[in-house]
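Results of the structural survey
Each chain, written out:
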There are 2 protein chains.
Amino acid sequence: MDKCEKWGSYELTLNGPSDGNPFIDNNLFATFTHDNFSIKIRGFYDGNGIYKVRYMPELIGTWKVTTESNVEVLSNKTTEFECTSPSEDNHGPVRVSGKTHFAYADGTSYMPFGTTAYAWVFQSNERQKQTLKTLSENKFNKLRMLTFPKNYNYNTIEPDIYPYEGAPKKVSDTFDFNSWSLKPEDIGFDFSKINPTYFQHLENRIKDLDNLGVEADLILFHPYDHWGFARMGEKYDKLYLKYIIARLASYKNIWWSLANEYDLLAMAGQKPLEAWDKLGELVKEEDPSEHLISIHNWYDPPTNKGTRKNWFDYTKPWITHLSVQTDELFFVPQWLEKYQKPVVVDECRYEGNIELGWGDNTAHGMMDCFYRTVLRGGYATHGETYIDKPNTKRSIWWAHGGILYGQSQKRINFFKDLLDNNGFNYVKPMATEGPHWELAVGQSPDDSKIIAYFGANQPEFEQFDFLPKDKKYSAKLIDTWNMTTKDLNIEINNTDMFQLPRSEYQALLLTEKK
Amino acid sequence: MDKCEKWGSYELTLNGPSDGNPFIDNNLFATFTHDNFSIKIRGFYDGNGIYKVRYMPELIGTWKVTTESNVEVLSNKTTEFECTSPSEDNHGPVRVSGKTHFAYADGTSYMPFGTTAYAWVFQSNERQKQTLKTLSENKFNKLRMLTFPKNYNYNTIEPDIYPYEGAPKKVSDTFDFNSWSLKPEDIGFDFSKINPTYFQHLENRIKDLDNLGVEADLILFHPYDHWGFARMGEKYDKLYLKYIIARLASYKNIWWSLANEYDLLAMAGQKPLEAWDKLGELVKEEDPSEHLISIHNWYDPPTNKGTRKNWFDYTKPWITHLSVQTDELFFVPQWLEKYQKPVVVDECRYEGNIELGWGDNTAHGMMDCFYRTVLRGGYATHGETYIDKPNTKRSIWWAHGGILYGQSQKRINFFKDLLDNNGFNYVKPMATEGPHWELAVGQSPDDSKIIAYFGANQPEFEQFDFLPKDKKYSAKLIDTWNMTTKDLNIEINNTDMFQLPRSEYQALLLTEKK
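Residues numbered from 1 in each chain as written. Chains lettered and ligands numbered in written order. Predicted model: local features only at pLDDT ≥ 70, side-chain atom pairs only at ≥ 80, totals over all residues. Heavy atoms only, no water.

**Let's talk about the UniProt feature "domain: DUF5060" (unreviewed entry) in chain A**
We apply this condition: UniProt positions are given in the numbering used here, feature names are shortened, and annotations may be inferred rather than shown by experiment. Per the convention used, a helix needs a DSSP run of H or I reaching at least four residues, while a strand needs a run of E reaching at least two, with both numbered from the N terminus.
As annotated by UniProt and renumbered to match this structure, "domain: DUF5060" (unreviewed entry) occupies residues 4-70 of chain A. Secondary structure across residues 4-70 of chain A comprises 6% helix and 57% strand; the distance between its end C-alpha atoms is 28 Å.

Written out as structure tokens, the structure is:
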């Protein structure tokens, strides 16, 4: 009997017809049964007459599989497989834990420390290997990446293969925003004819990430498009979603990011807000493994002006967590309270030197975003946008992956270690009532450790009146930039003032004295 | 005939009774008439049987003055004086100009570059002289200061004299927030008996500021009080306001700041929001010279959470401009648009090293606040909070005046000169649609010059797509921190990318090529 470990990807392969349009004409489902539990899963066509159904089993023991199809040769096939205990490194998919945090399905702690390489799978093999190597050398455990190719500043090279049959009618070496306003007659692809080779390639990269312990935060739609994939219309949007979910949902490291900067797509007229909502519901409905789902904004959060456009209603039941773009980090505690879901600040300005404000942050600024967000109970995502010259052909991590040239990633690694080594399975935010420039403070789940981060502030004297009364703490001074830790010979409590070096980017690690 | 220059302070002095309570029992008004214009002004009792009426004439020529009073000896007195042309340095009071900016009454440009020394008039004579010397050595042209004494962290020494007859019942050398929650039985002052000596002293310091060309942004109420002046009740609040306005409104450099951190007072139950509104209307009604009036918050501006407390309705007709505390500077353009009044960010975190988040900003941060606010069309105010040790007795500029120990004031002076020397009588904000971390850009009134500030961002490559099409500019690189200016041999336009040093705190000064 076949075997598949718990949270592994079980795959049933069948041969069937390759004539006509198998993506449209033929359907395939399989019902997976374990004792009293049973679930019906959509299959997909993988080209060359090959049909597949995949499933990530979560119950150990024997599973029975029975197919149904509108094609006789694919229908009423039965098989069985044995779901075995997961191997040591397999903790299952990441899910929401305790309302506002995450954990692997087996309960192991998971705090997303993400990075961004949108178009890395469309680069040369050598570059893709380089990307995986860079990831293996850093602590990032989530990667934001696109399923469709990308057309944008610094990313104008056409991909080798396309997700659909056809060819682009208009391409250009130089980037122009107007190219996104594609007319129907300029679309050269047949959205009913999916290219399995394209998706096989994407799938292999997702497996590579899983081997490194990196979650694939997969962006299903995005506006950086001059081919038409951003404006396929409801019918083909749904065909695509059903296809990609059938293909990928059995991989435990998948997160669905319905769209990047949906509000730019919305503006361009391709998809109104209601359309996103329906597509989000479809993703939730189609995915048998209940992966995380979110949607990512371009515009700032609404303020008292009240006219910021199209801020998504994150209370929608299909949305598992917030995936936001902002560096107004004082919103994080407010959103945690309001939405009662995890908050991931997936863009808070990348370290880099480009002409665009979201990509000219300093390494200090990028590091600062991680400390301020995470200690307030949210999560942050890194990106890097260094170029040598305008219209550079050099790889830029944010778009192409490759090599990191910056200085923030080391500090982010250091911060991750600091949390991991001090029992922060997640962070309980403290002292979040003040304005956003106040220090950011987080507590370990067992309350025994506290990290207080001062950012670019320079307090030489401090008093931690937010500490619980009657508790005393020893303190280590953390230089977050130089990544050093020094025991301080002081006892810190709720009332007494203490002295620090007058310096920027310091933090204190407090340990309760018992 | 007496003479008084235009925008000078004309004073009529009369002798009258000193028995009973002259502040309550006796009133005095004078009607000032110039041709067809006539205005009735309240007088005040200055102690020792001396009564005064003051007025700041704004029409050149002969004025007739006639008194009325419920005391016969003060009533029906008449006199005349000649209002002459103002002397060279006298530009009159500052008023709102062009909806969102300021100018002196004679049209001369005035951009408030403020600083803060709340309790400077309550310090030793030597310290007061030091404060005036420091002001004379810097470019600050507005000073935020209190009329009532101050009880707060680092400011616990009792003043030599009090504004009312009586003595405090409870004083302490150490500061405790609870001391503000004063019970009526612990108040040792008679609010019906004003101490003219106290106000004469205050008045002399305001004249000293005028001699230096510094506007006195006079805070009429504040919560830092353990004497009872913050909770006198409506009757004595009104008595006080009428008295201080009668006494001071003839000085051209007066601004009324109805309260500092009114929302802390409101919280403590002393004054609800509606009470402030009534008092604000009274100030406007009593002041014959229409000085600027505002009120200053403690709490952050409201955000989408919607529960921030007590944000004032700045549309109220008695409010001439916003006087806000925030470092969420992206609000500035929104407020300009919403309220159509000048926006002064009177607190955006002071340079210093104290334990309180609003007082541990770096010099870079303090400077940054000026560039970001002013180039977005608002105005900013400086403060400095450096201490040597906790509970220091050293003077702290923010509270006591004295000496500046910081590094931001030189950079702020440099910025003021940069604006003055390049025709920025005020700043027309440009490119304010983006998020708050985008570069801050302001244009001179005649459009010929533009300053673009990058703050802590590090763009090495830039493209100024917000520039008008078809215009070309020469550029100077400003190092705002090192206060240097360097001609760049480049031409900047709407479309072409250009290169800068990858460095923080840079700005560009563009000059249109004709």
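That covers the picture; the talk isn't over yet.
**Here's the deal with the state of the cysteines**
Residue and element names in this part refer to chain A. This is how it is decided: When the sulfur atoms of two cysteines come within 2.5 Å, that pair is taken as a disulfide. Accessibility here uses a 1.4 Å probe with only protein chains present; expressed as a share of the type maximum, an area under 20% marks a residue as buried, one over 50% as exposed, and anything in between as partly exposed.
By the definition in use, this model includes two disulfides over all chains. Note on cysteine connectivity: Cys348 is disulfide-linked to Cys369, with sulfurs 1.7 Å apart. The sign of the -105° torsion about the S-S bond sets the Cys348-Cys369 disulfide as left-handed. A residue pair is termed long-range when its members are at least 10 positions apart, and Cys348 in the loop between strand E19 (343-347) and strand E20 (351-352) and Cys369 in helix H8 (residues 363-375) qualify at 21 residues. When sorted by exposure, Cys348 lands in the same class as Cys369, which is buried.

**A closer look at the packing of helix H4 (residues 234-248) of chain A against helix H6 (residues 273-286) of chain A**
Residue and element names in this part refer to chain A. What counts is decided by this rule: Helix axes are fitted to C-alpha atoms over the stretch in contact, other axes to C-alpha atoms as well, and angles between N-to-C directions run from 0 to 180 degrees. Any angle between 65 and 115 degrees counts as roughly perpendicular, while under 35 counts as roughly parallel, over 145 as roughly antiparallel, and the rest as oblique. Crossing handedness is read from the near helix: turned anticlockwise from the far helix by less than a right angle, it gives a left-handed crossing, and turned clockwise, a right-handed one. Contacts: residue pairs with any heavy atoms within 4.5 Å of one another. Put simply, Ala, Val, Leu, Ile, Met, Phe, Trp, Tyr, Cys and Pro go in the nonpolar bin, Asp, Glu, Lys and Arg in the charged bin, and everything else, Gly too, in the polar bin.
One way to put it is that H4 packs onto H6 with a least axis distance of 10 Å and a crossing angle of 30°. Relative to H6, the element H4 lies roughly parallel. For the pair H4 and H6, the sense of crossing is right-handed. Seen from H4, the contacting residues are Asp237, Lys238, Leu241, Lys242 and Ile245; seen from H6, they are Leu279, Leu282, Val283 and Glu286. Considered class by class, the residues forming the contact of H4 with H6 number five nonpolar, no polar and four charged.

**Some points on the interface of chain A and chain B**
How we decide: Values labelled buried area give the accessible surface lost by two parts on being combined, using a 1.4 Å probe and summing over both. When a carboxyl oxygen of Asp or Glu is within 4 Å of a side-chain nitrogen of Lys or Arg, the pair counts as a salt bridge. Pairs of N or O atoms within 3.5 Å make up the polar contacts considered here, provided that, within protein, one atom can donate a hydrogen while the other can accept it, and that residues adjacent in sequence are counted only when both atoms are side-chain atoms.
In this complex, chain A contributes 46 residues to the contact, which on the side of chain B involves 46 residues. At the boundary of chain A with chain B, total buried surface from both sides reaches about 4000 Å², with 51% on carbon and sulfur atoms. Taken together, the connections running from chain A to chain B amount to zero salt bridges. Inspection of the chain A/chain B interface yields 18 residue pairs in polar contact (both at pLDDT 80 or more). Those elements that provide at least two residues to the side of chain A that touches chain B are helix H7 (331-339), E20 and strand E26 (461-462) of chain A. Top contributing element to the side of chain A that touches chain B by residue count: H7(A), with five residues. Here the side of chain A that touches chain B is built from residues that sort into 16 nonpolar, 12 polar and 18 charged.

**Focus on the relation of the copies chain A and chain B**
What counts is decided by this rule: The copies are overlaid by a least-squares fit using only the C-alpha atoms of residues whose pLDDT is at least 70 in both copies.
When chain A is fitted to chain B, the residual RMSD is 0.0 Å, and the transformation amounts to a turn of 180° plus an axial shift of 0.0 Å. Read as a symmetry element, the transformation amounts to a two-fold axis.

**Looking at the sheet that holds strand E24 (residues 440-443) of chain A**
The pairing of strands in a sheet happens through backbone hydrogen bonds and is either parallel or antiparallel. Residues and elements named next belong to chain A. Short version of the rule: Strand pairing is assigned whenever DSSP identifies at least 2 bridges connecting the two strands.
Strands sit in the order E23-E24-E25-E30-E27-E28 across an open sheet of six strands; the sheet is antiparallel. Of all strands in the sheet, those bounded by a partner on one side alone are strand E23 (428-430) and strand E28 (484-492). Direction aside, neighbouring strands of the sheet carry axes that sit 25° apart on average. Sheet topology note: the strand E25 (residues 449-455)/strand E30 (residues 506-512) ladder contains six bridges and is antiparallel. Paired with Lys449 across the strands is Thr511, a residue of E30. Contacts from H8 reach E23, E24 and E25 within the one sheet, and its direction differs from that of E25 by about 140°.

**Here we look at helix H4 (residues 234-248) of chain B**
Residues and elements named next belong to chain B. To keep things clear, this is the line we draw: Between the first and last residue of a helix there are one fewer steps than residues, each counted as 1.5 Å, and that sum is the expected span.
Taking 1.5 Å per residue as the helical rise, H4 with its 15 residues ought to reach 21 Å, and the 21 Å between its terminal C-alpha atoms agrees with that figure. In terms of residue burial, H4 counts as a mostly covered element, since 11 of its 15 residues are buried. Among the residues of H4, Tyr236, Asp237, Leu239, Tyr240, Leu241, Tyr243, Ile244, Ile245, Ala246, Arg247 and Leu248 are the ones counted as buried.

**Considering the domain arrangement of chain A**
Note the following rule: How far each domain reaches was decided by an automatic or database domain assignment.
As assigned here, chain A comprises domain 1 (2-84), domain 2 (94-428) and domain 3 (447-512). If you average the C-alpha positions of domain 1 of chain A and of domain 3 of chain A, the two centres end up 56 Å apart.

**Structural notes on the pattern of salt bridges**
By the definition in use, this model includes 60 salt bridges over all chains. Between Glu203(A) and Arg247(A) there is a salt bridge, with the nearest N and O atoms lying 2.4 Å from each other. Here the residue Glu203(A) occupies a position in helix H3 (residues 196-211), and Arg247(A) occupies one in helix H4, the gap between them amounting to 44 residues. The same class applies to Glu203(A) as to Arg247(A), namely buried. The salt bridge partner of Arg54(B) is Glu11(B), with a shortest N-O separation of 2.7 Å. Here Glu11(B) lies in strand E2 (residues 10-15) and Arg54(B) lies in strand E6 (residues 50-55), a separation of 43 residues in the sequence. The exposure class of Arg54(B) is buried, given its relative accessible area of 4%. Among the charged side chains, a network of salt bridges with common partners joins Glu11(A), Asp46(A), Lys52(A), Arg54(A), Glu203(A) and Arg247(A).

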